[in-house]
Amino acid sequence: VLDYGSGKGEAYTVEDVQRDWGVEITCYDPAVPGFKTRPKEKFDGVICNDVMEHIPEDHVPMILRDVLGYATKFAFFQICTRKAKKSLPDGRNCHLTIKNSQWWLEQIDQARAVVGGPEIIRVVWHLEGTDRLMADGTALEQWSGEGGQ
């Protein structure tokens, strides 16, 4: 499994995940020394947690194509659709692309149409006005990429 945008990998201890889940995790984050080397191989699955909303809107299609291009079986996204509590030094909100869930689904579908991508894509939303993770009223959303849930 590839953790795309893993940061320093502090969300979990790689050794514990590998032992507890029986899954090998590869961390990739171009902004973090030690994890900034682009993987050359594909992975069964890709996790992209709290990354996409930090990408400038004009770069979103390219990054989504990159994420989905690594996955052969599944991709998992957690995307926040509201402003962050923090700002960048230039005053912009840390969440550079604040869009609703439908916009993001369309972007993911378009990227998937270009690169193929995995059959299973799941998205968890951090929606405006709530601190809970949800997908349109449910805990998790899955869609086939063919315009339907």
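Conventions and cut-offs
- Residues numbered from 1 in each chain as written.
- Predicted model: local features only at pLDDT ≥ 70, side-chain atom pairs only at ≥ 80, totals over all residues.
- Heavy atoms only, no water.
- Helix = DSSP H or I, 4+ residues; strand = E, 2+ residues; numbered from the N terminus.
- Buried < 20%, exposed > 50% of the residue type's maximum accessible area, 1.4 Å probe, protein only.
- Contact = heavy atoms within 4.5 Å.
- Areas by Shrake-Rupley, 256 points an atom, 1.4 Å probe, with all protein chains shown as cover.
- Pairing = 2+ DSSP bridges.
- Right-handed = clockwise from strand over helix to strand, strands pointing away.
- Salt bridge = Lys/Arg side-chain N within 4 Å of Asp/Glu carboxyl O.
- Core = buried A, V, L, I, M, F, W, Y, C linked by side-chain atoms within 4.5 Å.
- pLDDT = per-residue confidence, 0-100.

We now examine the overall build of the protein. Counting secondary structure elements, the protein contains 3 helices and 7 strands. A burial count over the protein gives 43% of its 149 residues as buried. Of the contacts formed within the protein by residues at least 6 apart in sequence, a portion of 62% connects residues at least 24 apart. A total accessible area of about 8,600 Å² is found for the protein, and carbon and sulfur atoms account for 51% of it.

What follows concerns the pairing of strand β3 (residues 43-49). Summarising the sheet, strand β1 (residues 2-4) and β3 pair through 2 bridges and their orientation is parallel. Its bridge partner being in β3, D3 is matched across the sheet by I47. Handedness of the crossover is the feature at issue here: the chain leaves β3, passes through helix α2 (residues 60-70), returns alongside strand β4 (residues 71-80), and the resulting connection is right-handed.

Right, let's get into the pattern of salt bridges. Following the criterion strictly, the structure yields 4 salt bridges and no others. Its salt-bridge partner being D66, residue R38 comes within 2.7 Å of it at the nearest N-O pair. With R38 in the loop between β2 (26-28) and β3 and D66 in helix α2, this residue pair connects regions lying 28 residues apart in the sequence. Of the residues examined, R38 reaches a relative accessible area of 40% and is grouped as partly exposed. When its relative accessible area of 17% is taken as the criterion, D66 is described as buried. Measuring nitrogen to oxygen at the nearest pair gives 4.0 Å for the salt bridge that ties K73 to D44. With K73 in strand β4 and D44 in strand β3, this pair connects stretches of sequence that are 29 residues apart.

Moving on, we get to the nonpolar core. In terms of nonpolar packing, the biggest core is built from 27 residues, with Y4, M52, F77, I79 and I108 touching the most fellow members. When residues of this core are traced back to their parent elements, those giving at least two are β1, β3, α2, β4, α3 (101-115) and β5 (120-126). Not counting residues within four places of it along the chain, the set of residues in contact with M52 comprises V60, I63, L64, F77, I79, T97 and W104.

Glancing now at the confidence of the model for the protein. In the predicted model, the protein carries a mean pLDDT of 81, and 80% of its residues have values of at least 70. Between the elements of the protein, mean pLDDT differs from a low of 39, seen in strand β7 (residues 141-143), to a high of 96, seen in α2. Per-residue pLDDT stays below 50 along residues 130-149; that stretch engages in 50 contacts with residues further than four places along the chain or on separate chains.

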